[in-house]
Amino acid sequence: MNLSLMSLEISVVALGLVVLLADLWLPAERRRALGYVAAAALGLLLLQNLSGCCSCCVAGGDGTAFGGMFVQDGLSVFFKRFFLLAGALVLVLAVEFSDRIATGVSEYYSLIIFALAGMLFAASANDFAMLFVSIELITITFYILTSFTRGKVAALEAGVKYLILGALSSAFMVYGIALVWGTTGKFNFNELAQVAGNFTDNKVFLFGVVFILAGLGFKIAAFPFQMWTPDVYQGAPTPTTAFLAVGSKAAGFVLLLRFLFTAIPSVTAHWDKLLIIISGITILYGNLCAIPQRNLKRLLGYSSIAHAGYLLLGVAAMTSAGQSAVLYYLSGYLFTTLAAFTVIALVMRHLDSEDIAGLAGLNQRSPLLAATLTLAMVSLAGIPPLAGFFGKFLLLKAVIEQGAVNHGYYCLAFTALVGVVISLYYYFGVIRAIYWSKDAASREPILISTPMRVAIVGCIAGIFWLGVAPGAVLRLAESAVNALHCPGLALN
Amino acid sequence: MADGRWGCALGAFPHLPFPISYLLYKKMNVGLEHYLVVSALLFALGLLGVITRRNLLVMYMSLELMLNSANLALVSFSRFNDNLNGQVMVFFIITVAAAEVAVGLALIVALYRKRQSAHVEDLTSMKL
């Protein structure tokens, strides 16, 4: 067993406990700033991870721990950096939001950190037990985070809906794991990959795989399992929604990639049609349902379903180009979505609901926030030269390259383009509300604290950086997905 | 013919309840398939409960039934395949389910205090 591989996870869990305990000794008025401390600590861990160039541990680089359950390779390192960055930005946002949390601000911070720890474990999961426990660590923490403002009925309702549907999906996943393990006798993904080819005709095994996919589909909000998304996005506190949109979805995708391409590649190879159909319907469903929405967070919930569909394009392509495009798109999605939710949290702080009309006059109240939200919407819509455009370009390219194999891929690419065109309508509805609304409810300028300003400028820089100079991240993503295909020789 | 068979099953072991007496009469060995069928039935019953019941607590109970059906499947696979890993997994599932229940019941109680109701029809504050 190699504990040093897990030093990052151990530090994050320890940080969560320290934040929880610090609450006992800190006077009430200084607890709020604890979030900045935690965000700074996560930033330090991220820097240490980056500077250690490809190894966050002394042992140096790749390896497995707990008998192959926990794997440290290019893919997990990529996603761990992703989650740390997301966690730090969400904590800054949570500090900004903390005046709306009646009691237990430090608990809110520490729960975010524990969810982050679950995501870090998910990035390294190479075994069904690890997959299940890490996904539940994320989900159960999110039940609490979703209804943390328990004075609001909407938050409680969102929490209960998430709870019932989340528990349902985890029941499906557990049953699927039982069936897959019962037929093959393997929990470990690498061992399963060696025998999965013998079971491609076994109905019980295939049922198990479908059930596991149902559980993962719930996490990423793919088509038949997307019902919870709009309600939970709308009702949850804004930092939770942001973390749900970025962290939870990315954790679902890293597990999906590992499950489909490391554990059962021989089964996945036959399922291109299923993935194409799910991806296409998810794109259309998300985009069409987003059109009539008036609540900004609900609109972003539907848009997040649509983006799950775009990300599934890269999974459906079943090439390493598609998988690296997924990673790249997620990186762009991180900056874009966090920027959007940050603006929502700042602008809507005195309003009961996050109605789009509340954005009226934002251009006069705070040009920076108006520009940020505009950039975020434009990037989500996929207009060059921003991050969203290049990500979509890579995903579509990966799908069209596969078109020669199966003509369904051309239909899928066409569906995705239709989805992008539909999405322009509602994204530009938001931009219109920012700049061309007549009746602004309030005209007072919005104050932005310095850490918040840094986070916003960082997000904007990220959106431009990924759109204009994609080389560095793309190379990282490409080397990361190599780990999926040759688990023995994971590159870094 | 069929009558005779059922009748014999009842007559041969009059002191035992019918399904068991039938199994004994048929000299059936209870094998992996039987456990799996029971576990699939439990799973289906749980799913049916979640879909048809409208009370949050009953729905939540049905969800626990679904989780336990998976446990039964894991344990029986483990027993019949002589592989203890499945039973280890069951411990993980039980632990996680306990955590989930703790959080879930707290949420349902909090909602009940706010709305004086635990019915899903009342969860309608968020709509288009």
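J.: Would you mind going over the overall build of chain B with me for this structure?
T.: Of regular secondary structure, chain B possesses five helices and zero strands. Along chain B, helices (α) and strands (β) appear in the sequence α-α-α-α-α when read from the amino end. Split into buried and exposed, the 128 residues of chain B put 34% on the buried side. Long-range contacts, defined here as pairs at least 24 residues apart, represent 48% of the contacts in chain B between residues at least 6 apart.

J.: Whenever I open this one, the overall build of chain A confuses me. Can you help?
T.: Across its full length, chain A carries 20 helices and two strands. Against the globule reference of 23 Å for 492 residues, chain A gives a C-alpha radius of gyration of 21 Å, in line with a compact fold. Taking the principal axes of its C-alpha atoms as reference, chain A extends roughly 65 × 55 × 40 Å. The proportion of buried residues among the 492 residues of chain A is 65%. Of all intrachain contacts in chain A linking residues separated by at least 6 positions in sequence, the fraction that spans at least 24 positions is 79%. Counting only carbon and sulfur atoms, one obtains 68% of the accessible surface of chain A, whose full area is about 16,400 Å².

J.: Where do I start with the environment of A433 of chain A in this structure?
T.: Residues and elements named next belong to chain A. Residue placement: A433 occurs in helix 18 (residues 408–435). Remark: the alpha-carbon pair of A433 and A357, spanning 76 residues in sequence, is separated by 6.5 Å. Setting aside residues up to four positions removed in sequence, A433 forms contacts with I356, L359, A360 and G361.

J.: Hey, could you run me through the side chain of D272 of chain A in this one?
T.: Here D272 of chain A lies in helix 12 (residues 272–290). Despite being buried, D272 of chain A has no salt bridge partner; K273 of chain A is the closest side chain of opposite charge, sitting 4.8 Å away.

J.: So what exactly am I meant to see when it comes to helix 20 (residues 471–485) of chain A here?
T.: Residues and elements named next belong to chain A. An ideal rise of 1.5 Å per residue puts 21 Å on 15 residues; helix 20 measures up with 22 Å between its terminal C-alpha atoms. Along helix 20, the residues that are buried comprise V473, L474, A477, S479, A480, V481, A483 and L484. The inward-facing, buried residues of helix 20 contact helix 3 (74–97), helix 10 (238–263), helix 14 (320–347), helix 17 (387–401) and helix 19 (450–468).

J.: Just checking my understanding: could you explain the environment of Q87 of chain B for this structure?
T.: Turning to its location among the elements, Q87 of chain B is positioned in helix 5 (residues 85–115). Considering only alpha carbons, one finds Q87 of chain B and A97 of chain B, ten residues apart in sequence, at a separation of 15 Å.

J.: How should the layout of surface pockets be read in this particular structure?
T.: Vacant regions in the atomic arrangement are exposed by a probe of water-molecule size rolled over the atoms. Considered as a void within the structure, the largest pocket measures approximately 510 Å³ in volume. If you go around the largest pocket, you meet 25 residues; those closest to its centre are K161, I164, L165 and M227 of chain A together with M59 of chain B. Among the elements of the structure, helix 6 (153–184), helix 8 (203–220) and helix 9 (228–235) of chain A together with helix 3 (32–52) and helix 4 (56–81) of chain B are those that each provide at least two residues to the lining of the largest pocket. Broken down by element, the lining of the largest pocket gets its largest block of residues, seven residues, from helix 6 of chain A. Taken together, the residues of the lining of the largest pocket sort by class into 18 nonpolar, three polar and four charged.

J.: What should I look at first to understand a nonpolar patch on the surface in this one?
T.: Residues and elements named next belong to chain A. Taken together, the side chains of L284, L288, I291 and Y425 make up a nonpolar region of the molecular surface, amounting to roughly 360 Å² of accessible area. Position of L284 relative to the elements: it lies in helix 12. On the basis of relative accessible area, L284 is assigned to the partly exposed category, the value being 30%.

J.: Would you take a moment to explain the interface of chain A and chain B for this structure?
T.: As a measure of interface size, the accessible area lost when the parts come together is often cited. Chain A puts 42 residues into the contact, and the matching count from chain B is 43 residues. Between chain A and chain B, a total of about 3,600 Å² is buried, with carbon and sulfur atoms accounting for 81% of that surface. Remark: the boundary between chain A and chain B carries one salt bridge. The partner of E157 of chain A in a salt bridge is R115 of chain B, and the shortest N-O contact between them spans 2.9 Å. Between chain A and chain B we count six residue pairs in polar contact (both at pLDDT 80 or more) in total. Within the residue set of the side of chain A that touches chain B, elements represented by two or more residues are helix 5 (128–146), helix 6 and helix 9 of chain A.

J.: When you look at the packing of helix 1 (residues 7–25) of chain A against helix 4 (residues 105–124) of chain A in this model, what are you seeing that I'm missing?
T.: A pair of packed helices is captured by two measures, namely the crossing angle of their axes and the spacing between those axes. Residue and element names in this part refer to chain A. Following both chains from N to C, one finds helix 1 and helix 4 inclined at 170 degrees, their axes separated by 9 Å at the closest point. Looking at the two axes, helix 1 sits roughly antiparallel to helix 4. Facing helix 1, whose interface residues are L8, E9, V12, V13, L15, G16, L17, V19, L20 and D23, helix 4 presents S106, E107, Y109, S110, I113, F114, L116, A117, L120, F121 and S124. Here the residues of the contact of helix 1 with helix 4 are counted per class, giving 14 nonpolar, four polar and three charged.

J.: Which parts of the structure should I look at to understand the nonpolar core?
T.: One broad trend across soluble globular proteins is that nonpolar side chains are buried collectively. All names here are of chain A. Counting residues in each nonpolar core, the largest one holds 221 residues, and the members touching the most others are F79, F83, F259, I264, V315 and L359. At 18 residues, the largest contribution of residues to this core is made by helix 14. With sequence-adjacent residues up to four places away left out, F79 is seen in contact with A123, A250, V254, L327 and L330.

J.: Would you explain the packing of aromatic side chains in this entry?
T.: How two aromatic rings sit relative to each other is given by the distance of their centres and the angle of their planes. All names here are of chain A. Applying the stated criterion across every chain, the model contains 32 aromatic pairs over all chains. An angle of 40 degrees between the planes, with centres 5.8 Å apart, marks the rings of F390 and F393 as tilted. Of this pair, F390 and F393 both sit in helix 17, three residues apart, roughly one helical turn. Put simply, the rings of Y143, Y162, F218, W228 and Y233 pair up and form one aromatic cluster.

J.: What am I meant to see in the confidence of the model for chain B here?
T.: Averaged over all residues, the pLDDT of chain B equals 85, while 87% of them reach at least 70. For this predicted complex, the interface score ipTM comes out at 0.88, while the overall pTM is 0.91.

J.: Explain the side chain of T282 of chain A to me, please; I cannot follow it from the model alone.
T.: All names here are of chain A. Of note, T282 is situated in helix 12. Among the polar contacts listed, one links the side chain of T282 to the backbone nitrogen of F223, at a separation of 3.0 Å. Setting aside chain neighbours within four positions, we find T282 in contact with A221, A222, F223, I305, A306, A308, G309 and L312.

J.: Explain helix 2 (residues 34–51) of chain A to me, please; I cannot follow it from the model alone.
T.: Residues and elements named next belong to chain A. Compared with an ideal rise of 1.5 Å per residue, which puts 18 residues at 26 Å, helix 2 spans 25 Å between its outermost C-alpha atoms and is within 8% of the ideal. Of the residues making up helix 2, those classed as buried are L34, G35, A38, A39, L42, L45, L46 and N49. For helix 2, the arc enclosing every buried residue in end-on projection is 140 degrees, short of the 170-degree limit, so these residues lie on one face. Turned more than 90 degrees off the buried face of helix 2, the exposed positions are V37, L44, L47 and S51. Against the buried residues of helix 2 lie helix 1, helix 3 and helix 4.

J.: Explain the packing of helix 6 of chain A against helix 9 of chain A to me, please; I cannot follow it from the model alone.
T.: All names here are of chain A. Where helix 6 meets helix 9, the axes come as close as 8 Å, and the angle between the chain directions of the two elements is 145 degrees. The two elements helix 6 and helix 9 cross, and the hand of that crossing is left-handed. Across the interface between the two elements, A154, A155, A158, K161, Y162 and L165 of helix 6 pack against W228, D231, V232 and G235 of helix 9. The residue inventory of the contact of helix 6 with helix 9, partitioned by class, reads seven nonpolar, one polar and two charged.

What counts as what
Residues numbered from 1 in each chain as written. Chains lettered and ligands numbered in written order. Predicted model: local features only at pLDDT ≥ 70, side-chain atom pairs only at ≥ 80, totals over all residues. Heavy atoms only, no water. Helix = DSSP H or I, 4+ residues; strand = E, 2+ residues; numbered from the N terminus. Buried < 20%, exposed > 50% of the residue type's maximum accessible area, 1.4 Å probe, protein only. Contact = heavy atoms within 4.5 Å. Rg over C-alpha atoms; globule rule 2.2 N^0.38 Å. Areas by Shrake-Rupley, 256 points an atom, 1.4 Å probe, with all protein chains shown as cover. Lys, Arg positive; Asp, Glu negative; His and termini not counted. Salt bridge = Lys/Arg side-chain N within 4 Å of Asp/Glu carboxyl O. Expected span 1.5 Å × (residues − 1). 1 Å grid on protein atoms, 1.4 Å probe; cavity = no way out; pocket = protein on both sides within 12 Å on 5 of 7 lines; lining within 4 Å. Points joined across faces, edges and corners; volume = space filled by probe spheres on them. Nonpolar A, V, L, I, M, F, W, Y, C, P; charged D, E, K, R; others polar. Patch = residues over 30% accessible without salt bridge, like charges linked within 9 Å, V, L, I, M, F, W, Y side chains within 5 Å. Buried area = accessible area lost by both parts, 1.4 Å probe. Polar contact = N/O pair within 3.5 Å; in protein donor to acceptor, adjacent residues only side chain to side chain. Axes fitted to C-alpha atoms, helices over the stretch in contact; angles between N-to-C directions. Parallel < 35°, antiparallel > 145°, perpendicular 65-115°, else oblique. Core = buried A, V, L, I, M, F, W, Y, C linked by side-chain atoms within 4.5 Å. Phe/Tyr/Trp six-rings, centres within 6.5 Å; stacked < 30°, edge-to-face > 60°. pLDDT = per-residue confidence, 0-100. Arc of directions from axis to C-beta. Left-handed = near helix turned anticlockwise from the far one by under 90°.

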